[in-house]
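Reading the structure
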Amino acid sequence: MAIRNLRYEGDEILKKKSREVPKEDILSDKIQVLIDDMIETMHKYNGVGLAAVQVGILKRVIVIDLYDDKGPIVLINPVIIKTKGEQEVEEGCLSFPNQFAKVVRPAEVVAEYTDREGKRMRVKAKELLAQAIAHEVDHLNGELFIDKILPGTLEYIEPEEN
Ligand code: NI
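Residues numbered from 1 in each chain as written. Predicted model: local features only at pLDDT ≥ 70, side-chain atom pairs only at ≥ 80, totals over all residues. Heavy atoms only, no water.

**Focus on the pairing of strand β7 (residues 120-126)**
Relative to β7, strand β6 (residues 108-114) runs antiparallel, the two sharing seven bridges. Considered in β7, the bridge of Tyr113 is made with Met121. Where β6 folds back on β7, the antiparallel hairpin that results is connected by five residues, among which Gly118 adopts a positive phi of roughly 95 degrees. (Pairing = 2+ DSSP bridges. Helix = DSSP H or I, 4+ residues; strand = E, 2+ residues; numbered from the N terminus.)

**What about the coordination of the nickel ion?**
Tetrahedral coordination by four donors places them ideally at 109.5 degrees to one another around the metal; octahedral coordination by six donors ideally gives 90 or 180 degrees. Cys93 (SG), His135 (NE2) and His139 (NE2) make up the full set of protein donors to the nickel ion, lying at 2.0 to 2.2 Å. In terms of primary sequence, the donors binding the nickel ion are separated according to C-x41-H-x3-H. Pair noted here: Cys93 is in the loop between β4 (87-91) and β5 (99-105) and His139 is in helix α2 (residues 127-140), with a separation of 46 residues, a long-range link. Of the two residues, Cys93 and His139, both sit in the buried class. (Donors = N, O, S within 2.8 Å, 3.2 Å for Na, K, Ca; no water. Buried < 20%, exposed > 50% of the residue type's maximum accessible area, 1.4 Å probe, protein only.)

**Thoughts on the nonpolar core**
Ile62, Ile64 and Ile133 are the most contacted members of the largest nonpolar core, which totals 26 residues. Elements with a minimum of two residues in this core: β2 (61-64), β5, β6, β7 and α2. In terms of residues, this core owes the most to one element, α2, which gives six residues. Setting aside anything within four residues of it in sequence, one finds Ile64 in contact with Met42, Val48, Gly49, Gly71, Pro72, Ile73, Leu75, Leu129, Ala132, Ile133 and Glu136. Formed by 17 residues, the second largest nonpolar core is a distinct cluster that contains Ile31, Ile39, Val55 and Val74. (Core = buried A, V, L, I, M, F, W, Y, C linked by side-chain atoms within 4.5 Å. Contact = heavy atoms within 4.5 Å.)

**Points about the pattern of salt bridges**
All chains considered together, the criterion is met by eight salt bridges. Between Arg122 and Glu112 there is a salt bridge; the shortest N-O distance is 2.6 Å. Taken together, the positions of Arg122 in strand β7 and Glu112 in strand β6 put the pair 10 residues apart, joining distant regions of the chain. Look at Glu112 and you get partly exposed, because its relative accessible area is 23%. One network of salt bridges, in which partners are shared, links Glu91, Arg105, Asp138, Glu143 and Lys148. (Salt bridge = Lys/Arg side-chain N within 4 Å of Asp/Glu carboxyl O.)

**Some words on a positive patch on the surface**
There is a patch of like positive charges on the surface, built from Lys82, Lys84, Lys124 and Lys126. Counting only elements with at least two residues in the positive patch, the list comes to β3 (73-84) and β7. Looking at where Lys82 falls in the secondary structure, it is placed in strand β3. Among the residues examined, Lys82 registers a relative accessible area of 54% and is labelled exposed. (Patch = residues over 30% accessible without salt bridge, like charges linked within 9 Å, V, L, I, M, F, W, Y side chains within 5 Å. Areas by Shrake-Rupley, 256 points an atom, 1.4 Å probe, with all protein chains shown as cover. Lys, Arg positive; Asp, Glu negative; His and termini not counted. Charge placed at Lys NZ, Arg CZ, Asp CG, Glu CD.)

**Observations regarding a nonpolar patch on the surface**
A surface patch of nonpolar side chains, amounting to about 260 Å² of accessible area, comprises Ile3, Tyr8 and Tyr45. Here Ile3 shows up in the segment before α1 (29-44).

**Things to note about the packing of aromatic side chains**
All told, the structure shown has one aromatic pair when counted by the stated rule. Relative to Phe145, the ring of Phe96 has its centre 5.5 Å away and its plane inclined at 85 degrees; by these criteria the two rings are edge-to-face. Here Phe145 lies in the loop between α2 and β8 (155-156) and Phe96 lies in the loop between β4 and β5, a separation of 49 residues in the sequence. Overall, the relative accessible area of 2% leaves Phe145 in the buried class. Against the face of Tyr45 rests Lys44, its NZ or CZ located 5.7 Å from the ring centre. (Phe/Tyr/Trp six-rings, centres within 6.5 Å; stacked < 30°, edge-to-face > 60°. Lys NZ or Arg CZ within 6 Å of the ring centre and 35° of its normal.)

**A word on the sheet that holds β7**
The pairing of strands in a sheet happens through backbone hydrogen bonds and is either parallel or antiparallel. Taken in spatial order, the five strands make up an open sheet running β1-β2-β3-β6-β7, and their pairing is antiparallel. What marks the edges here is a single partner per strand, and that holds for β1 (49-51) and β7. Taken over all neighbouring pairs, the strand axes of this sheet differ in orientation by 40 degrees on average, direction set aside. Direction of pairing for β3 relative to β6: antiparallel, over a ladder of six bridges. Each residue of the ladder has a partner; that of Val79, found in β6, is Glu112. Against the sheet, α1 engages β1, β2 and β3, with an angle of about 40 degrees to β2. Strand contacts of α2: β1, β2, β3, β6 and β7, with the helix running at about 125 degrees to β7, the strand carrying the most contacts. (Axes fitted to C-alpha atoms, helices over the stretch in contact; angles between N-to-C directions.)

Following this line, the structure appears as structure tokens:
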């Protein structure tokens, strides 16, 4: 496994739409290594989620880890098929270090995706998981949280030195 270089604010790739991963590619070393590297990179920077485009790969792969007992979740070719309600939440993004703002996300989402074994799955998510899925699926469509923040809520928070 390896830490991949993150793509940051201003990098044009972040505005591009990612492509579906063909089913026959999911078990390939290339995709499996990408997934492992994305998880390692997300953990290194203490992220809750990461989309492949954020490491420069325009493929519809996202990883999410809420640091609970479920461990990291891998969603390939995810599609949000239903949303319900709204939640106003504080949000950040590994491509926008130290920037946080409020956004409105669905309170619940139902998403279909393929897992890293190639099995099509369905997840019903709420709260932070719903927020993370919505944020990461936006990345796959070239959409960034910074373009949908509630006016006047952007804050710059420097990490503590240690
Ligand atoms: Ni992000």
